[in-house]
Structure formats: C-alpha cells, structure tokens
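Structural overview
One-letter residues, chain by chain:
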Amino acid sequence: MSLYKSLFKQTAIYGLATVLPRMFSFLLVPLYTGLLPKEEYGQVSIIFAYMIFFNVIMAYGMETTFFRFYNKESDKKTVVETTTVSLFWSSILFLFVALVFRNFLAAKSGIDVQYIMYTIWILVLDALVIVPFSKLRAYQKPIIYAIIKIGNVVVNLSLSVFLLLYLPQIAQSNPDSFLGSLYLENFQIGYIFVANIIASLLTFVVLSPNYFHLNWQFDFQLWKRMMHYGLPILVAGIAFAINEQFDKILLGKLLPANIAEAEVGVYSACYKLGLFMVLYRTAYTLGIEPFFFSHAKDEKAPQTYAMVTKYFVIFGSFILLAVIVFADVLKYFMIRDTSYWEAMKVVPLIILANFFLGIYTNLSVWYKLIDKTYIGAYISIAGAIITLALNYWLIPTMSYYGSAIATLAAYGSMMGISYYLGNKHYPIPYDIKTIGGYLLLSIVFSAVSFYGFRENYFVGIPLLIAFMYFIYYNEKELINRILKRPNSTN
C-alpha cells in the first residue's frame, strides 16, 4: 500500500505543477475567443499546432531517454551532461537554419513571416529548458518545478491580458504616453506571441544556471546509445503530434478557403473543453514515467503496473462522465462567444479520445522497459495513418466532426494494438473484466446524458451519483485504506 500512496503523492504533486499552469493557460481561451473573430482564432490555433509538431522534433525523444538512462546508468552526471550538450547544440542549429529559411517556411505554411519568427524563438527557448526541467523531476524537486511552470503561465497570462485588453484602452485614452506609443493597431495575434516569447525567455533565464554549472562533457558512445533508444520515441512523438494537432492543419487546407479558418476556430475552442481529461492524463504521465522506470527491477512490477492501470481507468471513467454531464455548463466559462458553440457536439468524442490516450500511456510501459521503443513508434505510426486517412476522407463531408471521429479512432486503435502486443512481449495481468466494466458503464452513461438528455441535469446528475456509488461499492476496501489515518493499523 505504501507503494501506491507514494505514487499517488508523486502524481498529486506533479498534478498540481501541471494543473495550475494548464488552468491558467486555459483562462486564455475565453480571452482569445472573446476578442478574436473565429477566423483569427483559427489562424492562431493552426500556428500552435505547428509549434507542438516542431516541439516534438526539437526534443527528439531525449526527455524520456534521459529518465531511462538516468535510472539505468551508474554515472548519472555524464547522462545529464551529454543530454544537455546534445539538446543545446541541436537547438542552436535549428535556430540558425530556421531563421535562414523563414521566408520559405512562411510560404509553405501560409503563415505570415513575422509569426514564423516569433514561433522560431519560442521553440528554441522551450527546447533549451527540457533538460533543466527533467533534472528537477529526476532530483525530486517538484516544488521548484511547479513554481517555475506556474510562473511561466502567470507571466504569459498577465502579459496577454495587458496587451490585449488594457494596452488598447491606454492608447485610446492617452495616446502620447510611453505605453500608448507601444500599441499597434490590428496586432492582436502578434501580441499573443510576444507574451509567449517573454514568458519563455524568463523561464530560460531562471533555469540558465544549469548551463553555467556544466563541464560541457560529451560522451559520444553514451549519446549513440541514447539516440538509438530515443529516435523511435521521436518517430512516435511525431506520430503523436499528427494525431493530436494535425487535424487543425488539415482542416485549414482541405476545407474551402472562405470557411476554413472559422471552422478551425470553433473546433479548437470546443476541443479545449477536454481540459480536465487532458490535465488528468498529463499529470498522471508526469508522475508515472519515473515511477515505472524506478520499479522496473521489482519482481512484482507487472502486478504493480496492472493495479495502477486499473485505478487510472476508474478515476478516468469518473472524470469522463463528470465532464460530459457538465460540458454545457463549462462552455459558459470557457467559451463566452456563442458563435463558437456550434462545435459542442465534438466534445464527448474528444474527451473519450484523450482518455484512450491515457490508457495507451499505461499500456505502453512494456516496450519502454524492454528497450524496444521502436514498437511504440510503429504503434504511433499506425495511429497517425488512421488519423490522416480518416481526416482526408471525412473532412470534406463532415468538417471538424470528421476530425473528432478520426482522433477517437486513432487513439482507440493505438490502445488496442498496444494491449495486444504487450501480452506477447511483456505480459501484465490486467483485470480486463473490471477495467472494461468501468469504461463501458462510463461511456454508456455519458452517451445517455449528452446525446439523449443533454442539459437535463435531473438525468445527468443521478447518473453521475450512480456511477460514484458503483465505484465506492466495488472499491470501498481500497478507498477506506487510502483514507485511513497514518497511525491506524491495517
């Protein structure tokens, strides 16, 4: 039990470090959707989609690789130094090449070259803090990790609010003032990226001592082994970025030009209502990856992984149902412009897709532990193929609803494939009957609430209460043990 309490505590700490920044960042959604027309918000969403894609490329799997080798190698200092030197010089190379070809990139993507410039600098600054943040996790310093992460988003949020809301008012009331002279008309999208750059720069400045304390040693043989482990993770990451973000890019390209950016805008806004499942999945992933690796040598590791997955599904099933029941309440807080609400029908599909992705994260532990990360790349590629194929097929006739279906199909397929292959290569005794029961009941209740009795809380709330009782009835022994005071006897 102490093992699960340790995992719960670790996940809770990293959850706080993830939830608060994400909550702050999602406060930007009502700000953006309240000030920007659907077309401009769609343009911003497309740029952010490209950024996430290139974030994966610039990390090239080194974050997961760092944790694997940090726990595996006896010379941990060399692992830190080699990883840092590799990411530093690759980031500098990217900066140089991207700036040289910025006009080419602008022409190919259809994005204004000034936004390309902003994006390049944000990508480089974010890549340079990958290892410093990973070190904080490896050294078990979650409080510092949380403070810096939260600080980044607070700066971004504060600057966005000031630049988008208050600076125009200052310029209008006092145009000759210093602040008034900084205002640029019709520069709302630019201000969004200026805020991001300043936040990323300040984060880098705070973490820059990590570079000053380096000996800048580089173990080429170690680096080759790390790259051999990490490159399949890069491929998987690219495929993941395709699954996660490429639908917005394809919507912009496959739909008629006169409606494309508006459709991307409403889809991206309603997509954000998957916030709570994304937070749950992300916080869990941050806590679970070091946990999986640190317990890999335990002879009872498979049983531990099975139990962890079971309770991930239980809590995730509750979140799935709760968010879907109250989705039409949440939209009033996150998306105040009613013109964006037309895409609300995608919300259950997106939340369920993110849940499937979280389950896949649990199931994928086996190929990381046996150092066969290339299998994860193959699974992600399969998901990306499904994503691309269904988007190309469905977008012309179903628009963003087709994209939501494609996302759900891709993550569901990846989950199934990983489970099937895991049973062959690294059998884990999952309680499929219990896991499947919770998942199926949550999906059925969610479908009844949203598609049968939407916004009828006399149906939705009782369904949620019934599901909570179902969890307590079946798991009350564990719940009581977790809630029991430390000085109590088992």
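An account of the accompanying structure is given in this report. From a predicted model like this one, the values you see are computed outputs, not experimental measurements. (Residues numbered from 1 in each chain as written. Predicted model: local features only at pLDDT ≥ 70, side-chain atom pairs only at ≥ 80, totals over all residues. Heavy atoms only, no water.)

A closer look at the nonpolar core
Grouped together as the largest cluster of nonpolar side chains are 132 residues, with contacts concentrated most on Y32, F193, Y267, I335, F355, F356 and I359. Apart from residues lying up to four places away in sequence, F356 is in contact with L408, Y411, G412, M415 and L439. L321, A322, V325 and L463 belong to the second-largest nonpolar core, a separate cluster that totals 11 residues. (Core = buried A, V, L, I, M, F, W, Y, C linked by side-chain atoms within 4.5 Å. Buried < 20%, exposed > 50% of the residue type's maximum accessible area, 1.4 Å probe, protein only. Contact = heavy atoms within 4.5 Å.)

Let's talk about the packing of helix α4 (residues 62-72) against helix α13 (residues 220-254)
It is at 9 Å that the axes of α4 and α13 come closest, and there the two elements cross at 130°. As far as their axial angle goes, α13 and α4 are oblique. By crossing handedness, the relation of α4 to α13 is classed as right-handed. Between α4 and α13, the residues in contact are M62, T64, T65, F66, R68 and F69 and L222, R225, M226, M227, Y229, G230 and I233, respectively. Across the contact of α4 with α13, the residue classes break down as 8 nonpolar, 3 polar and 2 charged. (Axes fitted to C-alpha atoms, helices over the stretch in contact; angles between N-to-C directions. Helix = DSSP H or I, 4+ residues; strand = E, 2+ residues; numbered from the N terminus. Parallel < 35°, antiparallel > 145°, perpendicular 65-115°, else oblique. Left-handed = near helix turned anticlockwise from the far one by under 90°. Nonpolar A, V, L, I, M, F, W, Y, C, P; charged D, E, K, R; others polar.)

So, the packing of helix α2 (residues 28-35) against helix α9 (residues 142-173)
Contact geometry for α2 and α9: axes closest at 11 Å, N-to-C directions at 20°. By the angle between their axes, α2 is roughly parallel relative to α9. When you trace α2 past α9, the crossing you get is left-handed. Where α2 approaches α9, its residues L28, L31, Y32 and L35 are matched on the opposing element by N156, L157, S160, V161, L164 and L165.

By themselves, these figures tell us nothing about what the structure is for.
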